[in-house]
Amino acid sequence: MNKKLSRREYIYVASMLFGMFFGAGNLIFPVHMGQLAGSNMWPAVIGFCITGVGLPLLGVAALGISRSNGLFELAGHVGHSYSMFFTCLLYLTIGPFFAIPRCATTAFTVGLEQVLPQHINPKLCLLVFSIVFFAIALFFSLRPGNILVWIGKVLNPCFLLFLGILVIVALFNSETSIGSVAPQDTYTTQSFITGFLEGYNTMDALAGLAFGIIVVQVIRDLGVNEPGAVAGSTVLSGIFGCSLMAVIYVAVTVVGVQSRGLFETSENGGIALAQISQHFLGSAGLFVLAATVTLACLKTSVGLITSCSETFCSLFPKGPAYHVWAVIFSLISLTFANFGLSSIIGYSIPVLMFLYPLAITLIVLSLTGKFYNYDRVVFISVTALTLPAAVCDFVAALPSGLYNALHRDALMAFVRSFLPFSDMGLGWVCPALVGLVIGLILHFAKLQRQSD
C-alpha cells in the first residue's frame, strides 16, 4: 500500500518549496514588470506565473517521476558530456555568476543605497557592503550547522510579514487605477510573451531542476516511494506554496502598476521597491525593509554557495575540497556583485535565454518519458534541434556593444526569415517540436524493428 502524506506533512513540504524558491530577488521583477506593463498587467502576470511558478513545480515533479537522483542524472538521458556541460552552466548561473551576486546587489539597492548621503560614492559603498556581505555568507557556508533552518524559520516569516504590511498599505492607499497607466516597451503589444520571458529572471525553473531532488528526497523520507505518488505528492503539496507565490506576484505587480502614479518608471525593481516602501512607510519602513531583505538575501546566498560547492565536489571528486569551492564561489560572486544590479540583470538575460529552452524541454521530456521509455534518441533529437535555436536567442539578447561586434542585425534577420517566433524570443519552440517528432519516429521505428 502506497503511503500518502498527512495534512501536516503537505504543509511542511509546501513551506519548504516556498522557502527554496522565493527570495528577495523574486520581488524586484514583478514590481518592475508592473511599472512597464501598466494596464496590460494581467496578460503579463499570467505569462510571468507560467515560467515563475508553473515551471519550477514541474521541474521538481520531473525529478520525482523520472526517479532521477539529481540534475546530472536527469540530463544524462541526453549524454554524459552534455549533462556535465548543462549541470555546470546551470549551477554557475543560479550561483556565483548571477543569482548570488544579485542577492548582494539587491540588498544594497533596496536598502543602503537609498539612505546614502549625496556626497558618498555609491560604487565604493557597494564594494564595502559586498565584502562584508560575502564574508558573512562564507562564514556560515563553511559552518552551516542549523543556521539555514534557524534563519529560514525566523527571517522568512518576518520578511513576509513586512512585505504583507507594505503591499496592503500600498494597495489601499493608492489612488491610481490600473486602467489609467499606459503600458511601455514590448508590453504594449506583446504583454503575455514579455511577461513569460520576464519570468525567466526569477531563475526558479532552473532552481527547481537543481534543488528539486531535495524536495523529492524529503517526500521519499516521509515514506512515499512509488514514482507516481512522489510526483503527485510533490504537486499537491506544492499547490499551496506555489499559489502563495502567485498571489504575491500578482499583488506586487499591482503595486508596481499603481506606483506609476507616484514615480517615473525605475531603472530596476530594487529601486522601485525602495521608493514605494519609503513613500508609504517613511524612513523607518525603509530601514526595516533594508534589514529584512538583506538578511533574506544573506540566507539565500548561504544556501546557494553551499549547494554549488557540494555539487562541484560531487562532479569533480578529484578536484578542490568543499571549503575551497566555497571560497572560490564567494570571491567570484563578490566580483560580479560590484557590476551593479542593472548590469547583472542585463548580462544574465542572454544566458537565461539560452538555458531556459534547454531546461523547459528537459522538464517536458522527463515528465512524458514513460510514453517512450525514456529513449535516449528522443532526448538527443529534441536537444540537438533546440540547442542551435537557443544559441540564436542568446545572441539576440546580448547587450548592444556585443550585439554590434557580432553583426547581430544581419544574423538575426537571417534567422527570423525562417525561424518562427524568433522575434519574440521563442525561436526554439518549432525546432524543439520538430526534434520531438523526429525522435518519436525513430523510437517507434526501433520498436518496430525489434518486434520484427
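All figures in this text were calculated on a predicted structure; none of them were measured in a lab. (Residues numbered from 1 in each chain as written. Predicted model: local features only at pLDDT ≥ 70, side-chain atom pairs only at ≥ 80, totals over all residues. Heavy atoms only, no water.)

Visitor: Describe the overall build of the protein, with residues and values.
Guide: The helix and strand tally for the protein stands at 18 helices and zero strands. Radius of gyration (C-alpha) of the protein: 22 Å, near the 22 Å computed for a compact globule of 452 residues. Across its three principal axes, the protein shows a C-alpha extent of roughly 80 × 55 × 45 Å. Taken across its 452 residues, the protein has 54% of its residues classed as buried. Considering only intrachain contacts with a sequence separation of at least 6, the fraction spanning at least 24 residues in the protein is 81%. Entry remark: accessible area of the protein is about 19400 Å², with carbon and sulfur atoms responsible for 68%. Across the protein, the mean location of the 19 positive side-chain charges is 11 Å away from that of the 17 negative side-chain charges. (Helix = DSSP H or I, 4+ residues; strand = E, 2+ residues; numbered from the N terminus. Rg over C-alpha atoms; globule rule 2.2 N^0.38 Å. Buried < 20%, exposed > 50% of the residue type's maximum accessible area, 1.4 Å probe, protein only. Contact = heavy atoms within 4.5 Å. Areas by Shrake-Rupley, 256 points an atom, 1.4 Å probe, with all protein chains shown as cover. Lys, Arg positive; Asp, Glu negative; His and termini not counted. Charge placed at Lys NZ, Arg CZ, Asp CG, Glu CD.)

Visitor: Lay out the nonpolar core in plain terms, naming residues and giving numbers.
Guide: Judged by nonpolar contacts, the single largest core of 133 residues is most densely connected at Phe86, Ile94 and Tyr200. If you tally residues by element for this core, the top one is helix H14 (residues 341-368), at 15 residues. Beyond its immediate sequence surroundings of up to four residues, Ile94 is in contact with Ala99, Ile100, Met203, Leu206, Ala207, Ala210, Phe211 and Leu304. (Core = buried A, V, L, I, M, F, W, Y, C linked by side-chain atoms within 4.5 Å.)

Visitor: Quick rundown of the side chain of Thr194? Include the residues and the values.
Guide: Looking at the element boundaries, Thr194 is found in helix H9 (residues 191-198). Ignoring anything within four residues of it in the chain, the contact list for Thr194 reads Thr186 and Tyr187.

Visitor: Lay out unusual backbone geometry with the relevant residues and their values.
Guide: Its identity as a non-glycine residue notwithstanding, Asn373 has a phi of 55 degrees, on the positive side. Turning to its location among the elements, Asn373 is positioned in the loop between H14 and helix H15 (376-396). Residues other than glycine seldom take positive phi values, yet Tyr374 does so here, at roughly 50 degrees.

Visitor: Run through the packing of aromatic side chains, naming residues and quoting values.
Guide: In total, this model carries 20 aromatic pairs according to the counting rule given. Note on Phe85 and Phe354: the rings are 6.3 Å apart at their centroids and 75 degrees apart in plane angle, and the pair reads as edge-to-face. Note that Phe85 is positioned in helix H5 (residues 80-97) and Phe354 in helix H14, a separation of 269 residues in sequence. Under the relative-accessibility criterion, Phe85 is labelled partly exposed at 40%. Residue classification places Phe354 among the buried residues on the basis of a relative accessible area of 9%. Aromatic pair Phe312 and Trp325: ring centres 5.1 Å apart, planes at 55 degrees, arrangement tilted. (Phe/Tyr/Trp six-rings, centres within 6.5 Å; stacked < 30°, edge-to-face > 60°.)

Visitor: Describe the confidence of the model for the protein, with residues and values.
Guide: Looking at the protein as a whole, the pLDDT averages 85, with 92% of positions reaching at least 70. Helix H16 (residues 400-405) is the least confidently modelled element of the protein, averaging 58 in pLDDT, while helix H13 (residues 322-337) averages 95, the highest of any element. (pLDDT = per-residue confidence, 0-100.)

Visitor: Residues and numbers for the environment of Met245, please.
Guide: By the element assignment, Met245 lies in helix H11 (residues 227-259). Linking Met245 and Val110, residues 135 residues apart in sequence, is a C-alpha distance of 20 Å. Apart from residues no more than four positions distant in its own chain, Met245 is found in contact with Phe18, Phe21, Phe22, Gly52, Val53 and Asp204.

Visitor: Describe helix H7 (residues 122-142), listing the residues and the values that go with them.
Guide: The end-to-end C-alpha separation of H7 is 30 Å, in line with the 30 Å expected for 21 residues at 1.5 Å each. On its buried side, H7 packs onto helix H6 (99-110), helix H12 (269-315) and H13. For H7, the capping residue at the N-terminal end is Asn121, with a side-chain oxygen 2.9 Å from the backbone nitrogen of Lys123. (Expected span 1.5 Å × (residues − 1). Polar contact = N/O pair within 3.5 Å; in protein donor to acceptor, adjacent residues only side chain to side chain.)

Visitor: Outline the side chain of Glu198, listing residues and values.
Guide: You can see Glu198 is positioned in helix H9. No salt bridge is formed by the buried Glu198. Its closest oppositely charged neighbour is Arg102, at 8.4 Å. (Salt bridge = Lys/Arg side-chain N within 4 Å of Asp/Glu carboxyl O.)

Visitor: An account of the packing of H7 against H13 is needed here, citing residue identities and associated values.
Guide: Two numbers describe how H7 lies on H13: the axes approach to 10 Å, and their chain directions differ by 160 degrees. Classed by the angle they form, the pair H7 and H13 counts as roughly antiparallel. H13 is crossed by H7, and the crossing has right-handed handedness. Listed contacts from H13 to Leu126, Ser130, Ile131, Phe134, Leu138, Ser141 and Leu142 of H7 are Tyr322, His323, Ala326, Val327, Ser330, Ser333, Leu334 and Ala337. Partitioned by chemical class, the residues of the contact of H7 with H13 number ten nonpolar, five polar and no charged. (Axes fitted to C-alpha atoms, helices over the stretch in contact; angles between N-to-C directions. Parallel < 35°, antiparallel > 145°, perpendicular 65-115°, else oblique. Left-handed = near helix turned anticlockwise from the far one by under 90°. Nonpolar A, V, L, I, M, F, W, Y, C, P; charged D, E, K, R; others polar.)

Visitor: Please set out the environment of Ala207 residue by residue, giving values where relevant.
Guide: By the secondary structure assignment, Ala207 is in helix H10 (residues 204-221). On the basis of relative accessibility, which here comes to 9%, the residue Ala207 falls in the buried class. For the pair Ala207 and Leu90, spaced 117 residues apart in sequence, the C-alpha to C-alpha distance is 8.5 Å. For Ala207, the contacting residues outside a window of four places in its chain are Phe21, Ile94 and Gly212.

Visitor: I'd love a proper account of the packing of helix H1 (residues 7-21) against H10, names of residues and values included.
Guide: At a minimum axis distance of 10 Å, the contact between H1 and H10 shows a crossing angle of 155 degrees. It follows from the interaxial angle that H1 and H10 lie roughly antiparallel. Like other packed secondary-structure pairs, H1 and H10 cross with a definite hand, here right-handed. Contacts between H1 and H10 involve Tyr12, Val13, Met16, Leu17, Met20 and Phe21 from the former and Asp204, Ala207, Gly208, Phe211, Val215, Val218 and Ile219 from the latter. Residues that form the contact of H1 with H10 fall into these classes: eleven nonpolar, one polar and one charged.

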